[in-house]
Amino acid sequence: MTIKTKSLTDGMEIEHTVGNVFADDPKMSMRNVDVFYNDKQAIKNVSIDLARNQVTALIGPSGCGKSTFLRCLNRMNDTIDICKIKGSLLLDGEDIYHKKMDPVLLRARVGMVFQKPNPFPKSIYDNVAYGPRIHGLAASKDDLDEIVVTSLQKAGLYKEVKDRLSSSGTGLSGGQQQRLCIARTIAVSPEIILMDEPASALDPIATAIIEELIDELKEKYTIAIVTHSMQQAARISQTTAYFHMGSLIEVGSTDHIFTNPSHQLTENYITGRFG
Amino acid sequence: MTNQLKTGQKALNMNDSSMHSNTDRIKKSLKKRNSKEKRFRLWGRLAISFGFLMVAILFADIGTKAYPAFFQHWIKVDIEFNRQWLSIEPSDSAVRPDMQALKQANYSATVKKSLYQMFPSITARGDKRDLMKLLSYSAEFKIEDLVTANPDLLGQRVSLWLLADDDVDSYFKSDFTAGQSSGRINDKQAMWLKQLFDSGAVEKRFNTLFFTNSDSREPELAGIRGALSGTILTMIIVLAISFPIGVSAALYLEEFAPKNRWTDMIEVNINNLAAVPSIVFGLLGLAVLINIFGLPRSASLVGGIVLSLMTLPTIIIASRASIKAVPNSIREAAIGLGASDMQVTLEHVLPMAMPGILTGTIIGLAQALGETAPLLMIGMVAFIVDVPTNFTDAATVMPVQIYLWADSPESAFLAKTSAAILVLLAFLLIMNFSATFLRSKFEKNGQ
C-alpha cells in the first residue's frame, strides 16, 4: 500500500498545474512561489490567483503545504527565521514582499483567522476593538462602539453576546470564540480574509454557522480558506485548488474539481483513495 | 465445514480464556498500583506535615523569645525641677532663664537628687550609684526635653514615668521573687525595686521605642526603625533597578533577539551569574562602586545596586520562563491583526507573562532582603544611630541589625534579636502579599 502511494506521488515530477490558474478579476496573484524551510522546499513553484469577492478553497492531504502557502499571503511566515520565500506575490498589482511594503499595513489589509480560536484574554468588546484601536480607525468612542457592534453583527455573534460585551472572550464556547475571531478580523475592514481550517476544532452545528457566515462575507471580502473537509470546500467555495507535496496540482471551479477532476492525484484525493 | 466451525469455536474459546486471564492480571497489578499510590500520598502528607511542624516550631521559638522585647518597664519618679540642682543662674524664681541656660543645665544631677529624695535612707556612695542604675540614662534627656518645652516647670515637683534600665527590665520580666537578687540586680537594688513595685511605681507598657528608635548601645533604647528604613530604601533601589532591567532583558532575549551562538552564550552566562556566591558581588561593589565611582560607603544606594546585580539573574530566568509559556497563538492573533512587534510584546505577551514575572521578582527580592554577605564589603554593617532618610545616608539593613544584636553581650538584646527577626518576616510577608495581590489582579485581567 505504501509503495503504491509512493509511486503515485514521489515518482511523478509535477511540472505544470492542471486547470486554469488565472482569474478574470484577481485580487491577489501569485506566480512561481517557492518556500523553503532552511534547505527543505515546502512549496514548489506555485502560481494561482485569488478571484475578487470569491471563496477560494485550498485542499490537500496533511503536510501538503496549503497552510504554509496561506501564511505567505499576509507574511505571517516572517516570524519564522528559517523560512525563505521566492517568487512574486501581488496584491492589487503591488508586490507584498517589496522592501517598501510594511507588513503591519499588509496584515491590516489581509486579515487572518486561525485554526484554533485564539481570542485575547480580554473582554469581548476589547477583542473586537483591538485592531481599530492600534490602527487608529475610530475617531471617537462612539465610532469605536459602532465598529464593534457592526463587526459582531456581521460575524453573527452580536445577538448572543450583546448583554455581556464586557465579559471575557475566552469564556465563550468554541464556535462563538471562532466567530469572535472573525469579528475581530472584520473590524479592521481588511480586503482579504485568510482562513486556516477555521472550523476544524468545531462541532457540526458551529461549523454550519461559520460556513453560512463565510458565504455572506464573500459579498464584501475576498476569501481564501484552507480546509481538510472536502464537503466544506464543495459547499462554500467557488474555486478549489488541490495541493500535493508542496505542489499545486490542479485549480478549477469547485464544481469542475469535484465532479470531473482532470488530474489523477486530484481524483484519488477527492474519491477518498488517500489523504 | 464442521471442522472450520470447531476451530473457530476453539479460537473463540481461547480468546475468551485469554481475555479472562487478562482481567485477572490487570486486577492483580491494580492492587499493587493502588497500594503504590496510597504510599505516595502518605509520603506527601508526611512531607507536608513535617514542613509545617518545622515552621511552627520555628515561629513558636522566635515568638516566645521575641515576646518580652515588645514590652518595657517604666518607673514613676517624683522629679523636682530645682533651680539649684539644675545649676541655673540666677536662682531667682522671678527671672525666666533663657534657652542657653536651659540647654546647659545639669539634668543628670536633678534626676539623681530627685531619686535620692525618694529613698532618704540611702547614704552610702556605692548604694547611691546602684540606685541610679535603676533608671535608663535616657531619663535626663527626657526631663531636658520637658523643661525646654515648658520652662514654667522650674521650681515645681512633678511625677514622671521614666524608662527603667535594661537590667531592671530583665529582672521584672524574669520570674523574680520579690526582694531577691537575680541576674545583674543585687540584693539592695532588688529591695528598692520591691518598694517601688509595691507602691505601684512600676508599670509594664508596650515598647513603642522599639519601632521609633534606631540602634543604640543601651538595649532599652535600641529600636529597629533605622534598620527598617535602611531596608526599605535598599529594597526600593533593588526593585527600581532589577525589575525594569530584568524584564526588558528577558523580553528582548525571548521576543526580539536572534537565536544564535551569542544569545546562547548570554543565556549560559546569566545562568552562571545566578550561582555566583553573593559576597563576590560585595567585592565588586567595593572595588567598582566605592573605589572607582566614589559612591559613599555604607549607603543604601550602593547596597541596593550590589543586591540588584545579585537579583537580576533570578528575575531574568523566571521572566524568560514565563514569557516562553505565553501561547504562540496569542502572538499570531495580534500579528495577524497588524500589531507591530512592540505592540505584541507590550500589550499581549507582557501582561500574560506578568504573574510569573512577579513571582520571580518576589523570589529575587526575598533573597536580597535576607542578604548580609555582600553588604559586609561595602560597610553596611556599621553601628548607625541615625535613621537614614535618603539613599546616600549611612544605613544598615535588618539582617545586619539582627546579626549585630545577636552578637551583643547584653542579655536584653537576645529578645531584641528575635523581635527583629519577626519584623523582618512581617516585612517579607507584606512584600509577598502585595505581589500576590498584583498577581491575582493580572490573572483576573488575563481571563
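Source: prediction; values computed, not measured.

What counts, and at which threshold
- Residues numbered from 1 in each chain as written.
- Chains lettered and ligands numbered in written order.
- Predicted model: local features only at pLDDT ≥ 70, side-chain atom pairs only at ≥ 80, totals over all residues.
- Heavy atoms only, no water.
- Domains from an automatic or database assignment.
- Contact = heavy atoms within 4.5 Å.
- Buried area = accessible area lost by both parts, 1.4 Å probe.
- Salt bridge = Lys/Arg side-chain N within 4 Å of Asp/Glu carboxyl O.
- Nonpolar A, V, L, I, M, F, W, Y, C, P; charged D, E, K, R; others polar.
- Pairing = 2+ DSSP bridges.
- Helix = DSSP H or I, 4+ residues; strand = E, 2+ residues; numbered from the N terminus.
- Phe/Tyr/Trp six-rings, centres within 6.5 Å; stacked < 30°, edge-to-face > 60°.
- Buried < 20%, exposed > 50% of the residue type's maximum accessible area, 1.4 Å probe, protein only.
- Lys NZ or Arg CZ within 6 Å of the ring centre and 35° of its normal.

A few words now on the domain arrangement of chain B. Residues and elements named next belong to chain B. Domain boundaries assigned for chain B yield domain 1 (2–66), domain 2 (72–209) and domain 3 (225–446). Using C-alpha coordinates to define each centre, domain 1 is positioned 44 Å away from domain 3. Counting residues at the interface gives 5 residues for domain 1, matched by 6 residues for domain 3. Summing both sides of the interface, domain 1 and domain 3 together bury roughly 490 Å²; the carbon and sulfur share of this comes to 84%. Considering only the side of domain 1, the residues that lose the most area to domain 3 are I62, K65 and A66, jointly responsible for 76% of the buried surface there. Applying the counting criterion to the domain 1 and domain 3 interface returns 0 salt bridges. The class makeup of the residues in the side of domain 1 that touches domain 3 is 3 nonpolar, 1 polar and 1 charged.

With that settled, consider the pairing of strand 2 (residues 26–37) of chain A. All names here are of chain A. Inspection of the sheet shows strand 2 paired to strand 3 (residues 40–51) by 8 bridges, in the antiparallel sense. Residue pairing for strand 3: V35 is matched across the bridge by I43. Between strand 2 and the antiparallel strand that follows it, strand 3, lie 2 residues; N38 among them carries a positive phi value of about 50°. In this sheet, strand 5 (residues 83–91) lies alongside strand 2 in antiparallel orientation, the contact comprising 8 bridges. For F36, the partnering residue across the bridge sits in strand 5 and is K84.

Glancing now at the packing of aromatic side chains. Scanning the model with the defined rule gives 16 aromatic pairs over all chains in all. Pairing F69 of chain A with F243 of chain A gives two aromatic rings, centres 5.5 Å apart and planes at 45°, and the pair type is tilted. You can see F69 of chain A sitting in helix 2 (residues 66–72) and its partner F243 of chain A sitting in strand 10 (residues 239–244), a full 174 residues away along the chain. Each member of the pair, F69 of chain A as well as F243 of chain A, is classed as buried. Relative to F71 of chain B, the ring of Y67 of chain B has its centre 5.3 Å away and its plane inclined at 55°; by these criteria the two rings are tilted. Judged by relative accessible area, which is 48%, Y67 of chain B ranks as partly exposed. If you follow K128 of chain B out to its NZ or CZ, it ends over the ring of Y116 of chain B, 4.7 Å from the centre. Sitting above the plane of the F71 of chain B ring, K204 of chain B keeps its charged end 5.2 Å from the centroid.

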